[in-house]
Amino acid sequence: MRVVLVGPDLEENLSLRYLSAALKAAGHDATIVAFEKPCDLEPARAAAHDADLVGLSMCYQARAREFLELAAAIKVDAPNRRIVAGGHYASCEAQALLEQHPAIDLIAIHEAEHTLVELAALPDFTPTSLADVRGIVYRSSDGVARTPAREILADLDTLPWPDRSGPARLVVGVPTAYLMGSRGCQSACDYCCITTLHRLVPGKRFRQRSVENIADEMAWLYHNRGVRQFVFHDDNFLVSSVEKNRERIDALDREWKRRHLHGIGIVLKCRPADVQREIFVRLREMGLLRVFLGIESGSEEGLAALGRKQTVEQAHRALAICEELGISTQY
């Protein structure tokens, strides 16, 4: 089956790239099409012309109208072309989207590698065939229907690596790749779409890939694509335990050296409370250049309003450690 996956791709949309890799591993023809802004609608529409199935990465509510306009345009071109939406926003608002926007045929909830592969194998989308696919919301003769939730994938090492079609991205001239060493988040902040998303499905919220699996992917990117900067998009690259962080970081360092990864730069995200000096000294030695800190607010009242279980003091301490070690910070 020919599948076109459409979504934002400024920093290598790993959601789409994992989906594409899963589809290709199952024998389907998958193509990723960047849809960054309204003027990309017509090129994306044209790219979907020969597709049997179109997947829309509807992560952000702010861009929902653009994706719905694209879906409607695709249906004008081919009313029977199947359109599946997914991502944070689509998963959380599946009922309303299907009730109000007929161009969307169904919505895949939460992580959808296995779901999309099963959907691509169906000869058509009928209530009878869809009823056997877990983790979707679709229309039936009785209205909007929902199949039993698909349990969160526990072993991330079983997934094929993301589809890296096309040249390596350049960031200030440096070949760069974006990675996920884990999925999920250990926190439950009130404002966060990730927290809401994880309430929709059963299973372990936070999962980590093995260090060997991560190092193998990095080595392939390093030796085959010339990548020298690795940006980790993990919500929790670090956890609340210093000992566990030390063990995992030391293991990563050993595996990188075994695979001859030298002179690399790394970028990661973390909570201010998880910035411990000894850990960041170690990470700096391994190539840490920049960290995105989840500071969120500069007042205790603001943090409390967000359900953010941290303090302003922790934020100041984290920034001071990074400044002392020469690590660039964003927040």
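What counts and how
- Residue numbers restart at each chain and count upward from 1, following the sequence in its written direction.
- Where totals are concerned, whole chains, interfaces and linings use all residues; where local detail is concerned, this predicted model gives features only for residues with pLDDT of at least 70, and gives and counts side-chain atom pairs only at 80 or more.
- Note that the side-chain values use all heavy atoms of the structure and ignore hydrogens as well as water.
- The helix and strand labels rest on DSSP assignments: H or I over at least four residues marks a helix, E over at least two residues marks a strand, and numbering proceeds from the N terminus.
- Exposed residues in this analysis have more than 50% of their type's maximum accessible area, buried residues have under 20%, and partly exposed residues fall in between, with area computed by a 1.4 Å probe over protein chains only.
- For salt bridges, the criterion is a side-chain nitrogen of Lys or Arg within 4 Å of an Asp or Glu carboxyl oxygen.
- Whenever two N or O atoms come within 3.5 Å, that pair is a polar contact, provided that in protein one can donate a hydrogen and the other can accept it, and provided that, for residues adjacent in sequence, both atoms are side-chain atoms.
- Take the number of residues in a helix, subtract one, and multiply by 1.5 Å to get its expected span.
- Two strands are said to pair when DSSP picks up at least two bridges between them.
- Here an angle of 0 to 180 degrees is reported between the N-to-C directions of two axes, which are lines fitted to C-alpha atoms, with helices fitted over the stretch in contact.
- What makes two residues a contact is simply this: any of their non-hydrogen atoms within 4.5 Å.

I'd love a proper account of unusual backbone geometry, names of residues and values included.
Here the phi dihedral of Val172 falls at roughly 45°; this positive angle occurs in a residue that is not glycine. The residue Val172 is located in the loop between strand 8 (169-171) and strand 9 (174-179) in this model. Classification of Val172 by relative accessible area gives exposed; the value is 81%. Even without being a glycine, His260 presents a positive backbone phi close to 60°.

Explain the pattern of salt bridges to me, and be specific about the residues and the numbers.
Under the definition given, this model contains 26 salt bridges. A salt bridge links Asp40 to Lys37; its shortest N-O distance comes to 3.8 Å. Judged by its relative accessible area of 15%, Asp40 falls in the buried class. In this structure, a network of salt bridges that share partners links the residues Asp250, Asp253, Lys257, Arg282 and Glu285.

Lay out the environment of Glu324 in plain terms, naming residues and giving numbers.
Among the secondary structure elements, Glu324 is positioned in helix 13 (residues 312-325). Through-space distance from the C-alpha of Glu324 to that of Arg277 is 9.7 Å; in sequence the pair is 47 residues apart. Among the polar contacts made by the side chain of Glu324, one reaches the side chain of Arg277 at a distance of 2.5 Å.

Break down helix 1 (residues 14-25) for me, with residues and values.
Compared with the 16 Å implied by 1.5 Å per residue over 12 residues, the 16 Å span of helix 1 between its first and last C-alpha is a close match. For helix 1, the buried fraction is high: 9 of the 12 residues fall into the buried class. Where helix 1 is concerned, the buried positions are Leu14, Leu16, Arg17, Tyr18, Leu19, Ser20, Ala21, Ala22 and Leu23. Just past helix 1, the residue Gly27 takes up positive phi, approximately 95°.

Which residues make up the sheet that holds strand 1 (residues 2-7), and what values go with them?
Backbone-to-backbone hydrogen bonds pair the strands of a sheet. The strands run either parallel or antiparallel. Spatial strand order, 2-1-3-4-5-6-7: 7 strands in an open sheet with mixed pairing. Every interior strand has two partners, whereas the edge strands, strand 2 (29-34) and strand 7 (143-146), have only one. Within the sheet, the average angular offset between the axes of one strand and its neighbour, ignoring direction, is 25°. Relative to strand 7, strand 6 (residues 136-140) runs antiparallel, the two sharing 4 bridges. Its bridge partner lying in strand 7, Tyr138 is registered against Ala145. Sitting on the sheet, helix 1 touches strand 1, strand 2 and strand 3 (53-57), and the angle it makes with strand 1 is about 175°. Together, strand 1, strand 3, strand 4 (82-86), strand 5 (106-108) and strand 6 form the strand contacts of helix 6 (residues 113-120), whose direction differs from that of strand 4 by roughly 175°.

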